[in-house]
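For reference, the chains in residue letters:
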Amino acid sequence: MSRTHRVLPALGLATVLAAIPAVAVSPAFSPSAHAGPCSEMFGNFGSLRETQTQAGMGGSSGSAGSLDSGSLGSTGSSGSSQSAGDAVGSLSNPLGSMADNEFLTQQLETGSLGNGLSGSLDLAVGSAYGFPQWVNGDQGTIPVLKGPTKITQLLTGPTSPFDTPDMYAIGGTDLGFMWDNGNDAKPQVLMAFGDTMGDCSIPGNQWRGNVMFRSDDRDLSDGLSLSAGDGVLTGTDGLAKEMVPRTGKPGEVTIIPTSGVSVDGKQYLRYMSVSRWGVSGTWDTNYSGLAVSEDNGETWTPQPAMARRITNFAEGIGENPPAVDGKWARAQMSGFVKGQDDDYLYEYLTPSGRLGSAILSRVAQDEAKIGDPGAYEYWNGGSWVSDINAAKPVFGAPVSELSVQWHPGLRRYVAMYSSGLRSVMVRTAPSPTGPWSQATTLIDYSVLPGAYGGFIHPWSTGKDLDFVVTTWNSYNVYLAHTDLSQISLPGTDGISYGTGGPQAGQTVQTGRRVGAVDGGTNTDAPAVSVAETGTTVERTVSRDEVEANGGVVPEN
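Rules of the game
- Residues numbered from 1 in each chain as written.
- Predicted model: local features only at pLDDT ≥ 70, side-chain atom pairs only at ≥ 80, totals over all residues.
- Heavy atoms only, no water.
- Phe/Tyr/Trp six-rings, centres within 6.5 Å; stacked < 30°, edge-to-face > 60°.
- Lys NZ or Arg CZ within 6 Å of the ring centre and 35° of its normal.
- Helix = DSSP H or I, 4+ residues; strand = E, 2+ residues; numbered from the N terminus.
- Pairing = 2+ DSSP bridges.
- Axes fitted to C-alpha atoms, helices over the stretch in contact; angles between N-to-C directions.
- Buried < 20%, exposed > 50% of the residue type's maximum accessible area, 1.4 Å probe, protein only.
- Polar contact = N/O pair within 3.5 Å; in protein donor to acceptor, adjacent residues only side chain to side chain.
- Contact = heavy atoms within 4.5 Å.
- 1 Å grid on protein atoms, 1.4 Å probe; cavity = no way out; pocket = protein on both sides within 12 Å on 5 of 7 lines; lining within 4 Å.
- Points joined across faces, edges and corners; volume = space filled by probe spheres on them.
- Nonpolar A, V, L, I, M, F, W, Y, C, P; charged D, E, K, R; others polar.
- Salt bridge = Lys/Arg side-chain N within 4 Å of Asp/Glu carboxyl O.

Visitor: Can you walk me through the packing of aromatic side chains in this structure?
Guide: Scanning the model with the defined rule gives 16 aromatic pairs in all. Here the aromatic residues Y344, Y346, W379 and W384 are joined through ring pairs into a cluster of three or more. Over the ring of W459 we find R218, and its NZ or CZ is 3.8 Å from the ring centre. Looking at R246, its charged tip hangs above the ring of W207, at a distance of 4.1 Å from the centre.

Encoded structure:
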């Protein structure tokens, strides 16, 4: 979902480091990735990796293990010149000294002006330049995170094991939300991505508003693999093609998918027609559309009656588009989940941008009902009603990039979304309506700068929570994994995953996260953090209270 200001030249990280002496390292550890012609369009796309793996490591001598022993901005780097890793790590100090330059901060964190997750970056919260160590291997160039949440694979872009730039003209993209295709004979997970660029030296930059992957891989311990033969939705040229094409008409910038689901063998895709990118965390839409596929995502047909129009722009909707209705302003982005114990399809709804709250609707899992806007009901906090204006938030603002899945291991619904500097946070509930637990932050802005868009893999089970996440610094999508047995999720006490699962009253270590700034935690709210994990269980309680409770996080 590229929201960069494309007319502005990006201040890439390589530019910042131009005045800093290069670090000599063995060429054997310099991967073949290069920034490519899209670097300016995506801000730090490619340039972050190039700086860390080429410009900063491109000399002729140095420590062979340098890539593992230090990196730009890594916590605890000494700045010593005795090894290439330490020397690269020392670059965090020159960058840190620029913390009072808000323009530079925004450029480094987002690659463009004003695209922070929650407006202006608060330098007092977390580490503004908390770039983790990056390593390159069979799974691509990935950041190294501490604790139970790990980045395990680069799915798109330079160094991806799928070679997406050369194979499919996917040099940069984001999102990647997932759903089960519902086909028992050929089960797959479908993945929909947002604004996608290929070779920016070509007129038009090979820009597509959305592309799609397919995967039948159930074991993600060694990374995600794409389905053989149809792993990427491609056109006749063999390159990734759009599911729902942009119109190219004045008044529409792009078409971005927001959620997908399968019902009775058909695939349903919600998407938004973006009319304008605004200031940080905001954008305007023309409508939320619904498209249907009967061939596993090969072709998509928009459903005119299901367009939730809020402007006069009607191109691409189809024949007889519905009238403009302001009530749909609350329902421009979606997150589908099928009821575990009933026959309803639930749809979480948020307005355009990243600053709104989420409401909840439901409809029977029936083709005729799904295509009838009058068949939907809305949760008002105590019952289901027909008027969307009476809907009450199930998640308070700010909520963005919302993903909800049933998790068999937890036996609960898991909601994952971004909320300000909490880049990837989760809540759990026994029912789609709640009650929803307090939030646990898996990745925040200080742990992985520029991270957003966490979307749950629908086949996550046991103690595994697999998901994807995007970073602005690369404008590409990564596979991530959280070991649920290593964290204490509110509302899940007493659940056993078979091995090492949390038990009721489980004692957790508390204390300051390694690398926290000025004794803080890794969120922008009072919290108790699990030591050295980069994971924070949000609580408005003090450490003294936890220690007085025998090291157990109080539930109330």
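So much for the structure itself; the text now carries on.
Visitor: Would you take a moment to explain the environment of Q206 for this structure?
Guide: Topologically, Q206 is positioned in the loop between β5 (189–193) and β6 (211–215). Once the C-alpha coordinates of Q206 and L239 are considered, the two residues, 33 residues apart in sequence, prove to be 9.7 Å apart.

Visitor: Looking at this structure, I do not really get the sheet that holds β5. What am I missing?
Guide: Backbone-to-backbone hydrogen bonds pair the strands of a sheet. The strands run either parallel or antiparallel. With antiparallel pairing, three strands are arranged side by side in an open sheet as β4-β5-β6. With one partner strand each, in any of the chains shown, β4 (175–180) and β6 form the two edges of the open sheet. In this sheet, neighbouring strand axes are inclined to one another by 25° on average, regardless of whether the strands run parallel or antiparallel. Where β4 and β5 come together, five bridges link them in antiparallel fashion. Within β5, the position partnered with D180 by the bridge is V189.

Visitor: So what exactly am I meant to see when it comes to the pairing of strand β8 (residues 266–277) here?
Guide: Taking burial as the measure, the twelve residues of β8 include ten buried ones, the bulk of the element. Of the strand pairs in this sheet, strand β7 (residues 254–263) and β8 are connected by nine bridges, and their pairing is antiparallel. Residue pairing in the sheet places V263 in a bridge with K266 of β8. Hairpin connection between β7 and β8: a loop of two residues separates the two successive antiparallel strands, and D264 in this loop has a positive phi of roughly 55°. Bridging between β8 and strand β9 (residues 283–293) involves ten bridges; their strand directions are antiparallel.

Visitor: When you look at the pairing of strand β2 (residues 140–144) in this model, what are you seeing that I'm missing?
Guide: Regular strands place side chains that alternate from one sheet face to the opposite one. Summarising burial for β2: four of the five residues are buried, a large majority. Of the strand pairs in this sheet, strand β1 (residues 133–137) and β2 are connected by five bridges, and their pairing is antiparallel. From the neighbouring strand, Q133 faces β2, where its bridge partner is V144. Following β1, the chain reverses through two residues before pairing antiparallel with β2.

Visitor: Just checking my understanding: could you explain the side chain of S262 for this structure?
Guide: Structurally, S262 is set in strand β7. A polar contact is formed between the side chain of S262 and the backbone oxygen of K266, at a distance of 3.5 Å. Excluding its chain neighbours within four sequence positions, the residues that come into contact with S262 are W179, D180, N181, G182, Q267 and K338.

Visitor: Sorry, what's going on with the layout of surface pockets here?
Guide: By volume, the second largest pocket amounts to about 400 Å³. As for the second largest pocket, its lining consists of 16 residues, of which D180, K338, Q405, W406 and P458 are closest to the centre. Listing elements by their share of the lining of the second largest pocket, those giving two or more residues are β4, β7, β12 (333–338) and β17 (400–407). Split into classes, the residues belonging to the lining of the second largest pocket amount to nine nonpolar, five polar and two charged.

Visitor: Is there a simple way to think about the pattern of salt bridges in this case?
Guide: If you walk through the whole model with that rule in mind, you get ten salt bridges. The residue E347 makes a salt bridge to R308 at a minimum N-O spacing of 3.0 Å. On the criterion of sequence distance, the pair formed by E347 in strand β13 (residues 344–350) and R308 in strand β11 (residues 308–309) is long-range, its members being 39 residues apart. For the pair formed by E347 and R308, the shared burial category is buried. Measuring nitrogen to oxygen at the nearest pair gives 2.8 Å for the salt bridge that ties R362 to E377. A residue pair is termed long-range when its members are at least 10 positions apart, and R362 in strand β14 (residues 359–364) and E377 in strand β15 (residues 377–379) qualify at 15 residues. Members of the salt-bridge network, linked through shared partners, are K266, E294 and E367.

Visitor: Sorry, what's going on with the sheet that holds strand β22 (residues 464–471) here?
Guide: Ordered by their spatial adjacency, four strands build an open sheet running β3-β23-β22-β21, and the pairing between neighbours is antiparallel. Each edge of the open sheet carries a strand with a single partner, namely β3 (149–154) and β21 (451–456). Neighbour-to-neighbour, the strand axes of this sheet turn through a mean angle of 35°, independent of strand direction. Pairing analysis gives eight bridges linking β22 to strand β23 (residues 476–483), with the strands arranged antiparallel. The residue of β23 that forms the bridge with D466 is H481.

Visitor: What is the right way to look at the side chain of H457 in this model?
Guide: Assignment of secondary structure puts H457 in the loop between β21 and β22. Judged by its relative accessible area of 2%, H457 falls in the buried class. Only 3.1 Å separates the side chain of H457 from the backbone nitrogen of W459, close enough to count as a polar contact. Aside from chain neighbours lying at most four places away, what touches H457 is M178, V189, D217, L220, L224, D466 and F467.

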